[in-house]
Amino acid sequence: MPKFTHHIFVCCHRRESGDTRGCCDPQGNEELRRLLKAELDQRGLEPLVRASKTGCLEQCELGPTIVIYPQEIWYGGVQPKDVPRIIEETIIRGKVIPELVIGDEQLNKK
Ligand code: FES
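What you see is a predicted model, and the numbers here were worked out from it, not measured in a lab. (Residues numbered from 1 in each chain as written. Predicted model: local features only at pLDDT ≥ 70, side-chain atom pairs only at ≥ 80, totals over all residues.)

A.B. asks: How would you sum up the pairing of strand 1 (residues 6-11)? Please name residues and give values.
C.D. replies: Bridge count for strand 1 against strand 2 (residues 49-54) is six bridges, and the pairing is parallel. Bridge assignment links isoleucine 8 to a residue of strand 2, and that residue is alanine 51. Handedness of the strand 1-helix 1 (residues 31-42)-strand 2 crossover: right-handed. Where strand 1 lies against strand 3 (residues 66-69), four bridges are found, and the strand directions are antiparallel. Each residue of the ladder has a partner; that of histidine 7, found in strand 3, is tyrosine 69. (Pairing = 2+ DSSP bridges. Helix = DSSP H or I, 4+ residues; strand = E, 2+ residues; numbered from the N terminus. Right-handed = clockwise from strand over helix to strand, strands pointing away.)

A.B. asks: Can you tell me about the nonpolar core, naming the residues and giving the values?
C.D. replies: Among the nonpolar cores identified, the biggest contains 26 residues, and Ile8, Val10, Cys11, Leu36, Ile66, Val67 and Tyr75 are the most heavily contacted of them. For this core, the elements supplying multiple residues, two or more each, are strand 1, helix 1, strand 2, strand 3, strand 4 (73-75) and helix 2 (83-92). (Core = buried A, V, L, I, M, F, W, Y, C linked by C-beta atoms within 7 Å. Buried ≥ 20, exposed ≤ 12 C-beta atoms within 10 Å, placed from the backbone.)

A.B. asks: Let's hear about the pairing of strand 3: which residues, and what values?
C.D. replies: Pairing of strand 3 with strand 4 involves three bridges; the strand directions are antiparallel. Bridge pairing in strand 4 links valine 67 to tryptophan 74. From the end of strand 3 to the start of strand 4, which pair antiparallel, there are three residues, and glutamate 72 there has a positive phi angle of about 60°.

The structure is reproduced here in structure tokens:
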């Protein structure tokens, strides 16, 4: 099996409502991951592009959060409506979506 061209890690961490840190998947339904996988499947991009569930990526305040490796592209505030654009612009065309980027200056800041 060839290496993945992109591996999208999707935070599906859930905390109880009222937790001050919030979380990326308050409904606990993994909607973003499911939508990403469906879009990849529809476009025939699997298995070279993969979307995997992950726990907290420690960017909770900026979530919902995904990170794409090996490109090291962090996106925050990702909504279901953003999924087709992420696949089209970032995965297929290699362009970063500026309004979703979590910049290096924001990463790992509490
Ligand atoms: S809960 Fe998603 S980054 Fe922490």
